[in-house]
Amino acid sequence: SKDALFCEVVCLMYDEETAAFRQVLEPLHSLDQALDRLFALVPQIYRSDGVLQLLSLTAQLEAVRNPQLFAGIIEAGQRRDQVAIDLMQRAQRSGELPAEVDASELGSLLISLFVGALGYRSLHAPSQAEFGHSVLTLRNFLNSLQLPAVEPTGVEPACEERKE
């Protein structure tokens, strides 16, 4: 059927995205490094013809419309999210991300940011160069956020005196 073929194409596309995200994120433990690598990757994976972005946005709508029929798309999206969820869990174990942060939700949100917001923006940017500027603008904004420092777990602060 037409729906089954659509689902198969989207799942293959998601698996390709997952492989690209995994290649970039799996060796990393630093969120800052991961964001830099993801921001560098996005303009490469979003082709100027918009096919990937349009399929992805359409697939999300179809999966919400009929979750049973498009269960494969939902599962493929969860595999893609898992790559970022694993990164967030590594960042928590290293102390870079506070323990109270929901690593699963944050990982899914991170992928949603890249796939949704940047995918959408890539469709509306007048040129590939303008889309690159959009990606850089978002990265610079995130860099400007001042987040409270969190001491890594299992590491004693260097300035604190020990009482004996």
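Not measured: the values here are computed from a predicted model.

Rules behind the numbers
- Residues numbered from 1 in each chain as written.
- Predicted model: local features only at pLDDT ≥ 70, side-chain atom pairs only at ≥ 80, totals over all residues.
- Heavy atoms only, no water.
- Core = buried A, V, L, I, M, F, W, Y, C linked by side-chain atoms within 4.5 Å.
- Buried < 20%, exposed > 50% of the residue type's maximum accessible area, 1.4 Å probe, protein only.
- Contact = heavy atoms within 4.5 Å.
- Salt bridge = Lys/Arg side-chain N within 4 Å of Asp/Glu carboxyl O.
- Helix = DSSP H or I, 4+ residues; strand = E, 2+ residues; numbered from the N terminus.

*Asks:* Give a detailed account of the nonpolar core, specifying residues and quantitative values.
*Replies:* One recurring pattern in soluble globular proteins is that nonpolar side chains are buried together. Counting 41 residues, the largest nonpolar core has Phe21, Tyr46, Ile73, Phe114 and Leu118 as the members making the most contacts within it. Not counting residues within four places of it along the chain, the set of residues in contact with Phe21 comprises Glu26, Leu38, Leu41, Ile45, Arg80, Val83, Ile111 and Val115.

*Asks:* Summarise the pattern of salt bridges; cite the residues concerned and give the values.
*Replies:* Where charged atoms of side chains with opposite charge meet at close range, the side chains can pair. Using the criterion set out here, one finds 7 salt bridges in the structure. One salt bridge connects Arg80 with Glu17, and the closest N-O pair in it is separated by 2.6 Å. Of this pair, Arg80 sits in helix 4 (residues 71-94) while Glu17 sits in helix 1 (residues 2-25), placing them 63 residues apart in sequence. One exposure class covers both Arg80 and Glu17, and it is buried. When the shortest N-O distance is used, the salt bridge between Glu26 and Arg22 registers 3.1 Å. Note on Glu26: relative accessible area 45%, which makes it partly exposed. Residue classification places Arg22 among the partly exposed residues on the basis of a relative accessible area of 34%. One continuous salt-bridge network, built from bridges that share partners, spans Asp32, Asp36 and Arg139.

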